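Spelled out, the chains give:
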Amino acid sequence: MNKGKNLEKKILDRVYRFETKKTVGEILLKGATFLFLGFTVFILGSIFYEILKEQTTFDLLEIFSEDFEVIKKYFFETVYIFYLELPKIILILLLILISIFFYLSWQLFKNFNKIKNKVISLIKFWRRKI
Amino acid sequence: MTIISDREIILKIKNGEINYFEIIVKKYTSKIYQLIKTKILIKEDVEDLVQNAFIKFYKAINRFNEKLPILPYLYQIAKNELKMYYRSKKNFLPLKENFKNEDERSFFERFERKEDYLKKLKKEEKEMIMMLVDGFSYKEIAEKFKKSLNTVKSIVRRARRKLIINK
């Protein structure tokens, strides 16, 4: 009977070791990815803002302080000029990174319970061992 | 104490509650151990293969269909582990091997060239034996063929006699 218990214990040890490595690895990787994405989006966003500021592109937004008739008359022209002045490559990069960020956030939200349950199970197991 | 089904256990493990895997280990370790013990004499190797089988099952658990029974799947993994073990040791399963605690499953697996012998059996006998080798219980076989348990056992016994005569 003891032999059977020992073997079961060995199996569970291996399973929990495997799962610990996997879960910790995933958490670290996802954490690093989030940090990297957040940092990159912040840097690119700052560069994007500085370029628009230097080009005085934000002055185009002053049209919205004019009368409605003026806005109506020059709206599409203003939007077109705004579009021409946008740093497009940086904008595309920003949009891609923000999309990835939101996708990963959604994945995290979807799997939150699963990750939480795993971490709780692992903590309980290792506490029993200690 | 609430009895939890294998299906519910698998669903809980897929949901991250990996402590439920302990129930599967406690329930099936002895069966997998018995299967492998009839094929390998070295105790340490038997234990290693049993551990490997459960680790592989755990790693595949997210792909496992919880509606299916666990034991046949575990048996298949254990048999694959045995094949890899034999390949690594370059061992062959001998025809005349003295098995300890020989059961029906290990009897039918003894035949190296199974197909030649199984051709002498009727279709129903052959199907039942294949299910037995795959790890299904007599009860599950009886349910599938819509026969009584005793009838299934008689058919398997008859098939066994035929295989012994024709060996």
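Everything that follows concerns the structure shown earlier in this document.
Because the structure is predicted, anything quoted here is derived from the model rather than measured. Position labels on residues start from 1 in each chain and follow its written sequence. Both sets of labels track the order of writing: A upward for chains, 1 upward for ligands. Local features in this predicted model are restricted to residues of pLDDT 70 or higher, and side-chain atom pairs are both shown and tallied only at a pLDDT of 80 or more, whereas totals for entire chains, interfaces and linings draw on every residue. For side-chain calculations, the full set of non-hydrogen atoms in the structure is used, while hydrogens and water are omitted.

A description of the pattern of salt bridges should follow, citing residues and the corresponding values.
Charged atoms that come close allow side chains of opposite charge to pair. We count a salt bridge whenever a side-chain nitrogen from Lys or Arg sits within 4 Å of a carboxyl oxygen from Asp or Glu. Under the criterion given, the structure shown has ten salt bridges over all chains. With its nearest N and O atoms 3.8 Å apart, the salt bridge here joins B:K123 to B:E127. In this pair, B:K123 and B:E127 both sit in helix α7 (residues 123-133), four residues apart, roughly one turn of the helix. Note on exposure labels: buried denotes an accessible area under 20% of the residue type's maximum, exposed denotes more than 50%, and partly exposed covers the range between, all computed with a 1.4 Å probe on protein chains only. Look at B:K123 and you get exposed, because its relative accessible area is 65%. Through salt bridges with shared partners, one network takes in A:K10, B:K43 and B:E47. Secondary structure elements are taken from DSSP: a helix is a run of H or I of four residues or more, a strand is a run of E of two residues or more, and numbering for both begins at the N terminus.

Hey, could you go over helix α1 (residues 6-14) of chain B for me, with residue numbers and the actual values?
Where α1(B) is concerned, the buried positions are B:D6, B:I9, B:I10, B:I13 and B:K14. Viewed end-on, α1(B) has its buried residues packed into an arc of 135 degrees, placing them on one side of the element. Residue contacts are counted whenever heavy atoms from the two residues lie within 4.5 Å of one another. Along its buried surface, α1(B) packs onto α4 (112-129) of chain A together with α2 (21-37), α3 (43-59) and α4 (70-89) of chain B. In the segment just after α1(B), B:G16 is the residue with positive phi, at about 100 degrees. Relevant arc is that of directions from the helix axis to the C-beta atoms, nothing else.

How would you explain the interface of chain B and chain A if you had to name every residue and give the values?
Every contact between the two is made by 23 residues of chain B and, on the other side, 18 residues of chain A. For the pair chain B and chain A, the two sides together bury roughly 1,900 Å², of which 64% comes from carbon and sulfur. Taken together, the connections running from chain B to chain A amount to two salt bridges. Note that B:E22 and A:R128 form a salt bridge whose closest N and O atoms lie 3.3 Å from each other. Polar contacts, as used here, are pairs of N or O atoms within 3.5 Å; protein pairs need one atom able to donate a hydrogen and one able to accept it. Residues neighboring in sequence count only if both atoms are side-chain atoms. Taken together, chain B and chain A are joined by eight residue pairs in polar contact (both at pLDDT 80 or more). Put simply, the parts of the chain that give the side of chain B that touches chain A at least two residues each are α2 and α3 of chain B. Residue classes follow a fixed rule: Ala, Val, Leu, Ile, Met, Phe, Trp, Tyr, Cys and Pro count as nonpolar, while Asp, Glu, Lys and Arg count as charged, and any other residue, Gly among them, counts as polar. Its residues placed into classes, the side of chain B that touches chain A shows eight nonpolar, seven polar and eight charged. Once two parts are put together, the accessible area they lose, assessed with a 1.4 Å probe and summed over both, is termed the buried area.

I'd like to hear about a negative patch on the surface, residue by residue, with values.
Residue and element names in this part refer to chain A. Surface patches are defined over residues having more than 30% relative accessible area and no salt bridge, joining like charges when they lie within 9 Å and nonpolar side chains (Val, Leu, Ile, Met, Phe, Trp, Tyr) when within 5 Å. Shrake-Rupley sampling with a 1.4 Å probe provides the accessible areas, and residues are treated as covered by the protein chains on show and by no other component. Note that His is not counted, nor are the chain ends; the positive residues are Lys and Arg, and the negative ones are Asp and Glu. Charged groups are reduced to one reference atom each: NZ for lysine, CZ for arginine, CG for aspartic acid, CD for glutamic acid. On the surface, D59, E62, E66, D67 and E69 cluster together into a patch of negative charge. As for its placement among the helices and strands, E66 is situated in the loop between α1 (2-54) and α2 (68-85). The class for E66 is partly exposed, based on a relative accessible area of 44%.

All we've got here are geometric facts, nothing functional implied.
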